[in-house]
Amino acid sequence: MSLKPNAKAVLEVKDLKTYFKTDDGIVKAVDGVSFTVHEGETLGIVGESGSGKSVTNLSIMRLIPSPPGKIVGGEVLFEGEDILKVSESEMRDIRGDKISMIFQDPMTSLNPFLKISTQMIETIRLHNPQTDKKEALARSIEMLKLVGIPSPEKRIYSYPHQFSGGMRQRVMIAQALSCNAQVLLADEPTTALDVTIQAQILELISEINNKMGTAVILVTHDLGVVAGMCDKVCVMYAGRIVETALTDDLYAKPAHPYTEGLIKSVPRMDTANKDKRLFSIEGQPPNVIDLPPCCPFHPRCHKAMEVCKHAYPPEKDLGNQHEVACWLYIDEETKKQALQDATQQEKA
Amino acid sequence: MATTSTKKPLLEVRDLKQHFPIKTGNLFNRKVGAIRAVDGISFDVYPGETLGIVGESGCGKSTTVRSIAQLHKPTSGSVIFNGIDMVKADTRTMLKARQDMQLIFQDPYASLDPRMTVRSIIAEPMVIYNNRKLLPESMTSHEMEVRVEDLMERVGLNKAFKNRYPHEFSGGQRQRIGIARALALNPKIILADEPVSALDVSIQAQILNLLTDLQKEFGLTYLFIAHDLAVIQHISTRIAVMYLGKIVEVSDSAQLYDSPKHPYTVALLSAAPIPDPKVERERKRIILTGDVPSPDKERDGCYFYDRCPKRMPWCSCHIPPMFDITDKHEVACWLYSKEDVSKISMEDAQADAAKIKAEAINKQ
Ligand SMILES: Nc1ncnc2c1ncn2[C@@H]1O[C@H](COP(=O)(O)OP(=O)(O)O)[C@@H](O)[C@H]1O
Ligand SMILES: Nc1ncnc2c1ncn2[C@@H]1O[C@H](COP(=O)(O)OP(=O)(O)O)[C@@H](O)[C@H]1O
Ligand code: SF4
Ligand code: SF4
Ligand SMILES: [Mg+2]
Ligand SMILES: [Mg+2]
């Protein structure tokens, strides 16, 4: 956590849209997502499963399986350059070298048939072809040591299956770090791990973020992890960001009814909420196939109005980097107009 | 042992052990060791309460549930349910007793037969017990149909969907199907193995509320397993913390967060994130080093010794018994022994352990 006032923006995602063609229709997995991450910043992306978090990350890395997926719109600016437009070979240089990614399942990025040493040396040499093998090996060992693997000079010759889940996760982080990337995309890096191991891995990610100034995008569904790790948070619902705020503001004064419900529905062990019933958001997230224009949260929202059923709410800037997409924050005149336009369009 | 009340327990577990043999793959299939999944645990569950069991993966939570339900025959120890010793009872008596003991599992996807309709999934326990003439009164198929519909409504499922298949439902709804099935025989206790761990936060809250409501309405007793401390604290009356096949601490749920005693519980609580940035900034984490060791060797010291930040020489060779902190709180750690063992050197501790061992052998 280190939010400097004049930190440079390293990654800007603008109106990103990624759709999947399926037999049932077009899945609008990510539908107009925008956010910015600065040097040294940790940005959290929270949301329930299926809300589009992983697809957002995979789109940034240009790793969307196509077909059925396609990035149909938007820009991803890395240091000002739209990396959605660069050639595949330039993109390979960016991946790992400038932007690296860690996944929930370490085995998606580790080859089970190769020793850790081989894999790490290859990764380093891929990005720095001038490095010789000995140098790359030394650097790999150094990285494994950094992530807390005991006796790395011996363990580096192991195969992935010879490590426990937490250890494999650390190997993947070491590999992701070995190239000094400016941005680290961490997609549920601790979801599969136990809390004591989770604490170790999160500590490691914050250290990297603090010491090396790496910008981190941390995807998680765990509001506790976000609270402890992130400077700023985006809340995703049905393929869109419904609220963005500095972490303290998001928890102290959530503006979107979904964010508010989400925070209230998590049990807490530090407060005596012993009235035994949790706040609960009824229903379930919508299917993002052929979603009509509306606030996708309206069937579950206890504050829904007529306009919410017919038009997607515009974004409202609440100040102090707090933005929300909800009709509650829009003036009557605009709402009336939107409702009128929508009904007319529906008739046509 | 500390007790919560003068009420008689519904379930008494005593020195329960579940060891799985490790065999060589060769012709003779010799047993070369054992996975000590559950290694001597004791606890009581009282009528109407929720006993939560919390611990990290592999500590033996699921095995505990499966051994209690006799899905595995325990290696040793006893499970007295409703006055019946489930380990020693003959099959028919055990099955009859188990009518009152039902299970809910973590993965609603894996635990429901994909080829069965929702109505046959929910009705199945009634059909089986009816066919075996184990029900107090036999049921007609019409009575079962009515019961299925009632149960579906009670757990929040639309009864019009009773002829659909599990894959047509979301994760939360599938968990509701599992709950309806568990309720079919009107059980006294439900053993719930991580019932909300696979669910999203908003769905998790719905299911936790449903379980709380059902408990009130039907006077149910729960044995509830989770690895999420906040969930366990929310749902439980009392909490047992497990590590490496052992229970290390049992406490009133309200007390555990405020005054955890066992060094493992302290670390576990400090590692669990709290959804409040202000609280998180103030907190101090105790970061444990290393991983949980494999439960495949016999230990003659504290099971947490390798990772314990407070370990003493004595702990390396003496297994701590349960020490009472209050009448609602007990802990297996030498720090809470009446005699101070902290000054005892490794040599003295080991000499003492050797002496105890020799005495035990002499007795045999
Ligand atoms: N390869 C794919 N084909 C079709 N749909 C997909 C594919 N990958 C993801 N999706 C859909 O995109 C949506 C968002 O998925 P995802 O980004 O993985 O969610 P999250 O990471 O938030 O859980 C989901 O509805 C999912 O079913
Ligand atoms: N049928 C089995 N055979 C052999 N080992 C088992 C079996 N079931 C569980 N185990 C082992 O017992 C230990 C406890 O497992 P489990 O009870 O599933 O833990 P938890 O539910 O707390 O994650 C683990 O080391 C596991 O690998
Ligand atoms: S736009 Fe309407 S339905 Fe959507 S969150 Fe706001 S109030 Fe609720
Ligand atoms: S008995 Fe000793 S090693 Fe075990 S938890 Fe207590 S202090 Fe730590
Ligand atoms: Mg995902
Ligand atoms: Mg389990």
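About the cut-offs
Residues numbered from 1 in each chain as written. Chains lettered and ligands numbered in written order. Predicted model: local features only at pLDDT ≥ 70, side-chain atom pairs only at ≥ 80, totals over all residues. Heavy atoms only, no water. Pairing = 2+ DSSP bridges. Helix = DSSP H or I, 4+ residues; strand = E, 2+ residues; numbered from the N terminus. Contact = heavy atoms within 4.5 Å. Axes fitted to C-alpha atoms, helices over the stretch in contact; angles between N-to-C directions. Buried area = accessible area lost by both parts, 1.4 Å probe. Salt bridge = Lys/Arg side-chain N within 4 Å of Asp/Glu carboxyl O. Polar contact = N/O pair within 3.5 Å; in protein donor to acceptor, adjacent residues only side chain to side chain. Core = buried A, V, L, I, M, F, W, Y, C linked by side-chain atoms within 4.5 Å. Buried < 20%, exposed > 50% of the residue type's maximum accessible area, 1.4 Å probe, protein only. Domains from an automatic or database assignment. Nonpolar A, V, L, I, M, F, W, Y, C, P; charged D, E, K, R; others polar. Near = heavy atom within 4 Å. Areas by Shrake-Rupley, 256 points an atom, 1.4 Å probe, with all protein chains shown as cover. Parallel < 35°, antiparallel > 145°, perpendicular 65-115°, else oblique. Left-handed = near helix turned anticlockwise from the far one by under 90°.

## Examining the sheet that holds strand β4 (residues 69–78) of chain A
Residue and element names in this part refer to chain A. Strand order in the open sheet made by the four strands is β2-β1-β4-β5, with antiparallel pairing throughout. Edge positions in the sheet fall to β2 (25–38) and β5 (81–82), since each has one partner strand and no second. Note: β4 against β5, two bridges, orientation antiparallel. Note that in β5 the partner of Phe-78 across the bridge is Glu-81. Each of β1 (9–22), β2 and β4 is contacted by helix α1 (residues 53–60), which is oriented at about 115° to β1, the strand it contacts most.

## Description of the interface of chain B and chain A
Each partner contributes residues to the interface: chain B has 45 residues there, and chain A has 42 residues. Counting the surface lost from both chain B and chain A, the interface buries some 3900 Å², and carbon and sulfur atoms represent 56% of this. Sorting the residues of chain B by area buried against chain A places Val201(B), His234(B) and Pro275(B) first, and these three jointly supply 17% of that buried surface. In this assembly, chain B and chain A are joined by three salt bridges. Here Asp248(A) makes a salt bridge to Arg281(B), at a shortest N to O gap of 2.8 Å. The interface formed by chain B and chain A holds 13 residue pairs in polar contact (both at pLDDT 80 or more) in total. Contributions of two or more residues to the side of chain B that touches chain A are made by α7 (201–218), α8 (229–235), α9 (253–258), α10 (263–271) and α11 (277–282) of chain B.

## Observations regarding the nonpolar core
Ranked by size, the top nonpolar core spans 97 residues in total, and within it Leu11(A), Phe35(A), Ile99(A) and Ile173(A) carry the most contacts. Of the residues forming this core, the biggest block, seven residues, is contributed by helix α6 (residues 165–177) of chain A. Split by domain, this core shows at least three residues from each of two domains, domain 1 (1–98 + 182–348) and domain 2 (107–178) of chain A. Here Phe35(A) is in contact with Leu11(A), Glu12(A), Val13(A), Leu43(A), Ile45(A), Thr56(A), Ile60(A), Ile217(A), Cys234(A) and Ile241(A), once residues within four sequence places are set aside. Residues Ile177(B), Ala230(B), Tyr243(B) and Cys308(B) belong to the second largest nonpolar core, which totals 79 residues.

## Here we look at the sheet that holds strand β7 (residues 189–193) of chain B
Residues and elements named next belong to chain B. Ordered in space as β6-β7-β8-β3-β9-β10-β12-β11, the eight strands form an open sheet in which the pairing is mixed. The sheet is open, and its two edges are formed by β6 (101–104) and β11 (323–326), each paired on a single side. On average, each strand axis in the sheet is inclined to that of its neighbour by 20°, with strand direction left out of account. Note: strand β3 (residues 50–54) against strand β8 (residues 221–226), five bridges, orientation parallel. Following the sheet pairing, Leu-51 is matched in β8 by Leu-223. Strands β3, β6, β7, β8 and β9 (238–243) of the sheet are contacted by helix α1 (residues 61–68), whose axis makes an angle of about 150° with β8.

## Some words on the pattern of salt bridges
All names here are of chain B. Evaluation of the coordinates by the stated rule reveals 36 salt bridges over all chains. When the shortest N-O distance is used, the salt bridge between Lys-162 and Glu-149 registers 2.6 Å. Of this pair, Lys-162 sits in the loop between α5 (141–154) and α6 (171–183) while Glu-149 sits in helix α5; the two residues are 13 residues apart in sequence, bridging distant segments of the chain. Judged by its relative accessible area of 13%, Lys-162 falls in the buried class.

## Concerning the pairing of strand β6 (residues 99–102) of chain A
Residue and element names in this part refer to chain A. On β6, burial covers both faces: Ile-99 and Met-101 on one face and Ser-100 and Ile-102 on the other are all buried. Two elements, β6 and strand β7 (residues 183–187), share four bridges in a ladder whose sense is parallel. The residue bridging Ile-99 from the neighbouring strand is Val-183, located in β7.

## Let's talk about the domain arrangement of chain A
Residues and elements named next belong to chain A. One can read the domain layout of chain A as domain 1 (1–98 + 182–348) and domain 2 (107–178). Centre-to-centre, using C-alpha coordinates, domain 1 lies 31 Å away from domain 2. Listed as interface residues are 16 residues of domain 1 and, on the opposing side, 10 residues of domain 2. Around 1000 Å² of area is buried between domain 1 and domain 2 when both sides are counted, 70% of it from carbon and sulfur atoms. Contact with domain 2 buries area across many residues of domain 1, yet Ile-201, Leu-204 and Ile-208 alone supply 36% of it, more than any other trio. Joining domain 1 to domain 2, the criterion identifies zero salt bridges. Taken together, domain 1 and domain 2 are joined by two residue pairs in polar contact (both at pLDDT 80 or more). Within the residue set of the side of domain 1 that touches domain 2, elements represented by two or more residues are α2 (88–97) and α7 (195–212). Here the side of domain 1 that touches domain 2 is composed, by residue class, of nine nonpolar, three polar and four charged.

## Thoughts on the site of ligand 1
Residues and elements named next belong to chain A. The full set close to ligand 1 counts 14 residues, and Gly-50, Gly-52, Lys-53, Ser-54 and Val-55 are the nearest of them. Here an oxygen atom of ligand 1 and a backbone polar atom of Gly-50 are 2.7 Å apart. In the environment of ligand 1, an oxygen atom lies 3.0 Å from a nitrogen or oxygen atom belonging to the backbone of Gly-52. Isolated, ligand 1 exposes 560 Å² of accessible area, and the fraction of that covered by the protein chains is 67%. The greatest single-element share of the shell around ligand 1, amounting to three residues, is contributed by α1. For the shell around ligand 1, the per-class residue count stands at six nonpolar, six polar and two charged.

## Topic: the environment of Pro321(B)
Residue and element names in this part refer to chain B. Its location among the elements puts Pro-321 in the loop between α11 and β11. Pro-321 sits 19 residues away from Cys-302 along the chain, and the two C-alpha atoms are 9.4 Å apart. Filtering out sequence-adjacent residues up to four positions away, Pro-321 remains in contact with Val-331, Ala-332, Cys-333 and Trp-334.

## Notes on the packing of helix α4 (residues 133–146) of chain A against α6(A)
Between two packed helices, what matters for the description is the angle formed by their axes and the separation of those axes. Residue and element names in this part refer to chain A. Look at α4 against α6: their axes get within 9 Å of each other, and the N-to-C directions meet at 130°. The orientation of α4 relative to α6 falls into the category oblique. Regarding α4 and α6, the two cross each other, and that crossing is right-handed. Contacts between α4 and α6 involve Arg-139, Met-143, Leu-144 and Leu-146 from the first element and Val-171, Ala-174 and Leu-177 from the second. Tallied by class, the residues present in the contact of α4 with α6 amount to six nonpolar, no polar and one charged.

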